[in-house]
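Descriptive analysis of the structure
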Amino acid sequence: MQHDSWHRPPPPIDPLDRTRFPLDDWRLVENAYETKDMGATETLFSVSNGYLGLRGNVEEGRDTHAHGTFVNGFHETWPIRHAEEAYGLARVGQTIVNVPDPKTIKLYCDDEPLLLSVADLEAYERSVDFRDGQLRRELIWRTSAGKRVRITSSRLASVAERHLAVMTFEVEMLDGDAALVISSQILNRQDGSDEYHVTSAAMGEGVDPRQAEEFEERVLDPVLHEVRDQRLLLGYRCHNSAMTIAMMADHRIETENTFTERATVGPDLAKHVYRIDARRGHPVRLDKLVAVHSSRGVPPRELADRCQRTLDRAVSAGVPVLQRDHAEVWKRFWAESDVEVEDQPHLQQAVRWNLFQLGQATLRAGSHGIPAKGLTGSGYGGHYFWDTECYVIPFLVFTHPQAARNALRFRHGMLEHARRRAAEMAQCGALFPWRTINGHEASAYFAAGTAQYHINADIAYALMKYLRATGDRQFLLSQGVDLLVETARLWVDLGFWQVNGDKSFHIHGVTGPDEYMTVVNDNLFTNVMAQLNLRAAVEAVEMLREDDPEHFARAARRLGLQDEELGAWTRAADHMHIPYDETVGVHPQDSHFLEREVWDLDATPADRRPLLLHYHPLVIYRFQVLKQADVVLALYLAGDQFSTAEKIADFDYYDPITTGDSTLSAVVQSIIAAEVGHRDLALRYFYDGCFVDLADRHGNTTDGVHVASAGGVWSALVGGFGGMRDHGGVLTIDPRLPQEWTAITWRMRWHGSRLRVRLAQSALTLTVEEGEPVVVSVRGELVTADSSGVLVPLDGQGPTRDAAPVAPKVTTSPTNRDPDDPLALAPGVGVVPHSWPDGLDDPTGPVPIRR
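Residues numbered from 1 in each chain as written. Predicted model: local features only at pLDDT ≥ 70, side-chain atom pairs only at ≥ 80, totals over all residues. Heavy atoms only, no water.

1. Some thoughts on the packing of helix α7 (residues 415-424) against helix α9 (residues 473-494)
Helix-helix packing is described using two parameters, namely the angle between the two axes and the distance between the axes. For clarity, the threshold we go by: For helices, the fitted axis covers only the stretch in contact; all axes are lines through C-alpha atoms, and the angles between them, taken along N-to-C directions, range from 0 to 180 degrees. Helical segments are the DSSP runs of H or I of at least four residues, strand segments are the runs of E of at least two, and each set is numbered from the N terminus. For classification, angles of less than 35 degrees are called roughly parallel, those exceeding 145 degrees roughly antiparallel, those between 65 and 115 degrees roughly perpendicular, and all remaining angles oblique. Here a residue-residue contact requires only that any non-hydrogen atoms of the pair lie within 4.5 Å. Basically, the charged four are Asp, Glu, Lys and Arg, the nonpolar ten are Ala, Val, Leu, Ile, Met, Phe, Trp, Tyr, Cys and Pro, and anything else, Gly included, counts as polar.
As a packed pair, α7 and α9 sit with axes 12 Å apart at the nearest point and diverge in direction by 10°. Taken together, the axis directions place α7 and α9 in an arrangement best described as roughly parallel. On α9, the residues that touch Leu415, Arg419 and Ala422 of α7 are Asp482, Leu483, Glu486 and Leu490. Tallied by class, the residues present in the contact of α7 with α9 amount to four nonpolar, no polar and three charged.

So this is what it looks like as C-alpha cells:
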C-alpha cells in the first residue's frame with residue numbers, strides 16, 4: 001500500500017486487481033488461483049452464521065495457509081505466566097479452539113490427486129454470493145494423462161439451522177473414463193495433522209499481539225469416535241476448560257456410475273471414502289451434511305444425540321430445501337441492511353462484502369458474543385472486545401434489533417463476573433473485562449487492557465442506543481437497568497472530587513481507546529463516556545420509577561438501589577472534568593497529553609509501522625502519537641456534547657498524529673472529516689476502511705475479518721456521508737454526500753418502522769416501508785415520513801474545508817533536552833536508533849536523524 005504521506009490514507013481509487021477479482025455487485029469472485037495471498041483469501045471467502053464458521057480453505061486440504069473451523073465461544077483455557085506477579089493480574093487466558101475440520105474432500109483421478117498449486121487448470125472460479133450466503137467453486141482440471149475433469153462445489157454455514165453446515169461436491173469426466181476416489185473427512189487439526197499439514201508461515205518473525213496464542217499441549221481429548229448409522233462421529237472435551245463438542249457428518253452420493261464406499265473413524269480422523277468407476281458424461285454428486293453441537297460441560301454423547309437429530313431433520317428436508325431456507329434468511333437480511341451506492345460498482349461490491357461479514361458474525365450468534373474476527377480466523381484469540389458495542393451494535397440496532405438485544409443480553413450474562421472483577425480491583429459496581437470469551441479478564445497486559453475502564457461506558461452507550469431506537473421497556477426492566485446501575489456505581493467510586501478553583505470530578509489511572517497512551521489521568525474519551533453512562537443510569541431509573549413503580553420496586557430491591565445514589569451520579573456527571581486547553585484551543589486526549597513531544601510521522605519509514613511491532617511501548621508512550629482515533633471517536637459517539645468549532649479544532653489537531661495502526665480508526669476519522677467539511681479526507685478514510693480486508697491494508701487479513709471495521713463502514717456511510725445521528729433519542733439527518741457520488745440509499749429501523757432513506761446531491765427522500773410514520777429532523781426542520789414518501793430539497797452537502805490538517809508544533813519539550821547538544825533527539829522525530837551507524841567513530845560528530 002502506497003501513501004502520499006505514510007500515515008495518511010491512500011487516494012480513493014479501486015485497489016483490487018480486477019483481472020483477478022472482477023466487478024460484481026453481489027459476489028466476491030476470484031477467477032485465477034493464486035498462492036501468494038492464500039491466507040487473506042481464505043479469510044475473504046469464509047462462510048459463517050455467527051455460531052459456526054468455516055474458513056475459505058480449499059476442499060483438497062493441502063494447499064492451505066491456515067486451516068480453520070470455529071464455534072463461537074468454544075475455547076481452551078491456559079495459565080497466564082507473568083514475569084512479575086502482582087495482585088489482580090489476569091490469571092487464566094482463553095483462546096478459541098480450531099475445532100475438527102469437516103471441509104476436507106479429497107479427489108483422486110486415476111490415483112492422481114487434485115492439488116491446485118500444481119494442477120493444470122483450464123478454468124477456475126471461486127465466489128462467495130452475498131445474496132444466498134454460499135461459497136462456490138468451479139474448475140476444469142486436465143490431468144497428466146490429458147483427461148479433463150469438471151469439479152463444482154458449494155459450502156454454507158446455515159443461518160436457518162445454526163448447528164448445520166451443508167457442502168456439495170460434484171465431479172464429471174469430460175474426456176474419457178477414469179477411476180475416481182473421493183475421500184470426505186473430518187480431521188482434528190488442532191492436535192493432529194494429516195500428511196499434507198504444513199505449519200503456517202504466516203506468523204513471520206517477532207511477536208504480533210494481534211494473533212492468537214499457540215497451545216503447548218493437546219487441547220481436544222477424544223471421547224467419542226465411531227460410525228453411527230453410516231454417519232461419521234467425533235466427540236471431544238477440552239483438556240483445561242472442560243468444554244465439550246460433537247461433530248457428525250452424513251453423506252449422500254448420487255451417480256449412475258458403479259461405486260463402493262467405506263467409512264472409518266479414529267480418535268482424530270474420520271473418513272468416508274468412495275471408489276467410483278466414472279464414465280464420461282455421467283457426473284458424481286456428493287452431499288455432505290455436518291452437524292455441530294457444543295457445550296460448557298454436557299457430555300459429548302448427549303451432544304452426539306443432538307447432532308443426530310439435527311441431521312435427521314436436514315436429511316428429511318434435503319439439500320435444495322436447506323439451501324433455499326438459508327437463502328431466505330439472507331434475503332430478509334438484505335431487505336433490512338442493504339446500502340446502495342449508485343454508479344460506484346467497485347464500492348458497491350466492497351460495501352456489500354462488509355455488510356455480509358456483519359451478517360455472518362451476528363445472525364445466529366444467539367447467546368454468544370461477537371468475536372473481533374467473527375468466526376473467520378483465530379486473530380485476537382477469538383475474544384470479545386468493546387468493538388462490539390461501539391462499532392457493531394449500532395448497525396444491529398438500526399437493522400436487526402433482535403441481534404442487538406442478544407448481544408446486550410450476552411453482556412448481562414457476564415454481570416456477576418464483572419461485579420467480582422470490580423471488587424478485585426477495589427471498586428464498587430461492576431467492571432467488565434477488556435478482552436474475554438467466558439466473562440473473565442483475559443488481558444495479561446493491564447496497561448492496555450484492564451485500564452480501559454471505558455468498556456463499561458461503551459456497554460451503556462450501546463444499551464441506550466438500543467433502548468431509544470426500539471423502546472424495549474421490558475429489556476430495560478429485566479436486564480438493562482442492572483447494567484446501567486452497576487456501571488454507574490463504578491464511575492462514582494473510581495473517580496474523585498478535586499477543588500481547584502471550581503469543584504470538579506476526575507478519573508485517573510485509565511487508558512482510552514488509543515493504546516499508544518496508557519494509564520493516564522482524565523482521558524477525555526473515558527470522562528465523556530462515563531458522563532454519558534451516569535446520565536443514562538439516572539434517566540433510566542427515573543423513567544422506570546415514574547412509569548412502572550411496581551416493577552421498578554422489584555429492580556431496586558434486586559440491586560439494593562438507594563435514592564441518594566442518583567444524586568451522586570448526577571453531581572459526578574454535571575461536574576465531570578472535560579479537559580480543554582485554552583492556549584492550543586483543543587481538548588487534550590488526557591491531562592498531560594499536550595506536554596509530550598510530537599512524533600514526526602513523516603520522518604518515520606513505512607517499514608517501521610505499525611509502531612507497536614517496532615518500538616517498545618515506553619518509547620511510544622512518551623510522544624504525541626495515536627494508534628487510533630480517541631478524542632475524535634468521542635466527537636462522534638457523544639457529538640451533541642461538542643460545538644462545531646471544537647470538532648474542527650480537535651479533528652485538525654489529532655488527524656495528522658493518528659497513525660491508523662488500528663483498523664478501528666479510519667472509519668471514525670471518515671465520519672468526523674465528513675461532518676467538519678474535509679471532503680477529500682472523508683472519502684480517503686472511507687476507502688481505507690472499506691477495503692481494509694479486501695485489499696489487506698494492515699497485512700493481517702489472514703488472521704480473520706476485522707468485524708468492527710466492517711461495522712464502521714456502515715456507520716461511515718449512514719452516519720458520515722448520510723449525516724444520521726440519534727443523540728438523546730431524536731433521529732436527525734444532516735447529509736455530507738461526496739460530490740463524486742450520485743446517491744446512496746439505506747434502510748433503518750426506528751421504533752418498529754423500517755425507513756428507507758435515499759440521499760442524492762439535491763434532495764433527500766424518506767419512505768416508510770413498514771410500520772407507522774417516522775418523524776425525522778432534517779437540518780433542524782421536522783419532517784414526517786410515511787409510506788407515500790417525502791422529498792426534502794437540499795441546499796448543498798454541508799461545509800467544505802480545502803486546507804488539510806497539518807501536524808501540530810511542539811508546544812513543550814522535555815527539560816533535559818539541550819537544543820545545542822548534537823546528540824539530543826530532535827523534537828518531533830521520536831524514533832530511537834538501535835546502534836550507532838557504521839563508521840560513526842566520534843559520538844560528538846554529526847548524527848543523522850534517528851529513524
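2. Focus: the sheet that holds strand β2 (residues 47-48)
The condition is simple: When DSSP locates at least two bridges between a pair of strands, those strands are taken to pair.
Spatial strand order, β2-β3-β4: three strands in an open sheet with antiparallel pairing. A single partner strand is all that each edge strand has here, and the edge strands are β2 and β4 (69-71).

3. Some details on the pattern of salt bridges
Using the following cut-off: Within this document, salt bridges are pairs made up of a side-chain nitrogen of Lys or Arg and a carboxyl oxygen of Asp or Glu, the two lying within 4 Å of each other. For every residue, the accessible area obtained with a 1.4 Å probe (protein chains only) is divided by the maximum for its type, and the residue is called buried under 20%, exposed over 50%, and partly exposed between those limits.
Going through the model one piece at a time under the given rule, you end up with 65 salt bridges. A salt bridge links Glu675 to Lys647; its shortest N-O distance comes to 2.7 Å. With Glu675 in helix α16 (residues 665-676) and Lys647 in helix α15 (residues 644-654), this pair connects stretches of sequence that are 28 residues apart. In this structure, Glu675 and Lys647 share a single accessibility class: buried. By sharing partners, the salt bridges in this structure join Glu336, Arg749, Arg754, Arg756, Glu769 and Glu770 into a single network.

4. Examining the sheet that holds strand β30 (residues 774-778)
Taking strand neighbours across the sheet as the criterion, the four strands line up as β25-β26-β30-β31 in an open arrangement whose pairing is mixed. Each edge of the open sheet is held by one strand with a lone partner, namely β25 (724-725) and β31 (781-785). Pairing of strand β26 (residues 732-733) with β30 involves two bridges; the strand directions are parallel. In the sheet register, Ile733 faces β30, and the bridge partner there is Val778.

5. Points about the side chain of Arg736
Where we set the bar: Polar contact is the term for a pair of N or O atoms within 3.5 Å; when the atoms are in protein, one must be able to donate a hydrogen and the other to accept it, and sequence-neighboring residues count only if both atoms are side-chain atoms.
In this fold, Arg736 is placed in the loop between β26 and β27 (743-750). For Arg736, a relative accessible area of 12% corresponds to the buried category. Polar side-chain contacts of Arg736 include one of 2.9 Å to the side chain of Asp734. Excluding its chain neighbours within four sequence positions, the residues that come into contact with Arg736 are Ala674, Glu675, Gly720, Phe721, Arg779, Gln797, Gly798 and Pro799.

6. Details of the nonpolar core
Operational definition: We define the nonpolar core as a collection of buried residues of types Ala, Val, Leu, Ile, Met, Phe, Trp, Tyr and Cys that are connected through side-chain atoms lying within 4.5 Å of one another.
By size, the foremost hydrophobic cluster in this structure holds 194 residues, and its most contacted members are Trp386, Trp569, Phe686, Trp741, Trp746, Leu755 and Leu766. If you tally residues by element for this core, the top one is helix α10 (residues 524-547), at twelve residues. Apart from residues lying up to four places away in sequence, Phe686 is in contact with Leu347, Val351, Ser670, Val713, Ala716, Leu717, Phe721 and Trp741. Listed in part, the 25 residues of the second largest apolar core include Val171, Leu180, Ile276 and Ala278.

7. Some remarks on the side chain of Gln479
Within the element layout of this structure, Gln479 appears in helix α9. When its relative accessible area of 12% is taken as the criterion, Gln479 is described as buried. Leave out the neighbours within four places in its chain, and Gln479 touches Arg409 and His412.

8. Some points on empty space enclosed by the protein
Convention followed: A cavity, in this analysis, means grid points on a 1 Å lattice covering only the protein atoms where a 1.4 Å probe fits yet has no way out; a pocket is instead an open set bounded by protein on both sides within 12 Å along at least five of seven lines, and a residue lines either one if it has an atom within 4 Å of a point. Grid points are joined across faces, edges and corners, and a volume is the space filled by probe spheres set on the points.
According to the stated counting rule, one finds nine cavities of 30 Å³ or more in the structure shown. Approximately 110 Å³ is the volume attributed to the second largest cavity. What lines the second largest cavity is a set of 14 residues, among which Tyr461, Lys465, Tyr636, Met724 and Asp726 lie closest to the centre. Mapped by element, the contributors of at least two residues to the lining of the second largest cavity are α5 (387-399), α8 (454-470), α14 (631-637), α18 (707-721) and β25. Per-element accounting of the lining of the second largest cavity gives the leading share, four residues, to α18.

9. Focus on the pairing of strand β10 (residues 134-142)
Bridging between strand β9 (residues 120-129) and β10 involves nine bridges; their strand directions are antiparallel. What sits directly across from Tyr124, in β10, is Leu139. Taking the residues that link successive antiparallel strands as the turn, the β9-β10 hairpin has four residues, and the phi of Gly133 there is positive, at about 65°. Relative to strand β11 (residues 148-157), β10 runs antiparallel, the two sharing eight bridges. Considered in β11, the bridge of Leu139 is made with Ile151.

10. Observations regarding the packing of α16 against α18
Relative to each other, α16 and α18 sit at 5°, their axes nearing to 8 Å. One way to sum up the angle between α16 and α18 is to call them roughly parallel. Contacts between α16 and α18 involve Val667, Ser670, Ile671 and Ala674 on the former and, on the latter, Ser709, Gly712, Val713, Ser715, Ala716, Gly719, Gly720 and Phe721. Residue classes in the contact of α16 with α18 are distributed as six nonpolar, six polar and no charged.

11. Here we look at helix α2 (residues 300-317)
Convention followed: One less than the residue count of a helix, multiplied by 1.5 Å, gives the span that helix is expected to have.
Between its terminal C-alpha atoms α2 stretches 26 Å, which fits the 26 Å expected from 18 residues at 1.5 Å a residue. For α2, every residue scored as buried is listed here: Pro300, Leu303, Ala304, Cys307, Gln308, Thr310, Leu311 and Ala314. Taken together, the buried residues of α2 touch β12 (164-173), β14 (220-228), β15 (231-238), β16 (244-255), β19 (284-295) and α3 (319-337).

12. Regarding helix α11 (residues 549-559)
Put simply, the test is: This arc corresponds to the set of directions leading from the helix axis out to the C-beta atoms.
Where α11 is concerned, the buried positions are Phe552, Ala555, Ala556 and Leu559. Projection of α11 onto a plane perpendicular to its axis shows the buried side chains occupying an angular sector of 100°, all on one side. Turned more than 90 degrees off the buried face of α11, the exposed positions are Glu550 and Arg557. For α11, the secondary structure elements touched by its buried residues are α7, α9 and α10. Among the residues trailing α11, Gly560 stands out with phi positive, at a value near 60°.

13. Digging into unusual backbone geometry
Backbone torsion omega between Arg609 and Pro610 reads -5°, so that peptide bond is classified as cis. Mapped onto the secondary structure, Pro610 falls in the loop between β23 (597-598) and α13 (617-621). In this structure, Asp343 takes a positive phi of about 60° despite not being glycine. Assignment of secondary structure puts Asp343 in the loop between β20 (339-341) and α4 (345-362). When its relative accessible area of 57% is taken as the criterion, Asp343 is described as exposed. Its identity as a non-glycine residue notwithstanding, Tyr380 has a phi of 60°, on the positive side. If you trace the backbone, Tyr380 turns up in the loop between α4 and α5.

14. As for the environment of Leu483
Of note, Leu483 is situated in helix α9. In this structure Leu483 comes out as buried when scored by relative accessible area, which is 2%. With residues near it in sequence (within four places) discarded, Leu483 still touches Leu408, Arg411, His412, Leu415, Phe432 and Leu463.

15. Considering the packing of aromatic side chains
Think of a pair of aromatic rings as described by two things: how far the centres are apart, and how the planes are tilted against each other in angle. Just so we agree on the cut-off: Pairing of aromatic rings covers Phe, Tyr and Trp, the last counted by its six-membered ring, and requires centre-to-centre distances within 6.5 Å; plane angles under 30 degrees mean stacked, over 60 mean edge-to-face, and any other angle means tilted.
Evaluation of the coordinates by the stated rule reveals 27 aromatic pairs. Relative to Tyr615, the ring of Trp599 lies with its centre 5.1 Å away and its plane at 80°, an arrangement referred to as edge-to-face. Placement of Trp599 in the loop between β23 and α13 and of Tyr615 in the loop between β23 and α13 is noted, with a sequence separation of 16 residues between them. For Trp599, a relative accessible area of 1% translates into the label buried.

16. A few points about the confidence of the model for the protein chain
Let me state the cut-off plainly: By definition, pLDDT measures how confident the predictor is in each residue, and it falls between 0 and 100.
When pLDDT is averaged along the protein chain, the result is 92; 92% of the residues meet or exceed 70. Contacts of residues 195-207 to residues separated by more than four positions or lying in other chains number 16 contacts, the stretch itself having pLDDT below 50. The low-confidence segment residues 811-851, where pLDDT is below 50, has 53 contacts with residues more than four positions distant or belonging to other chains.

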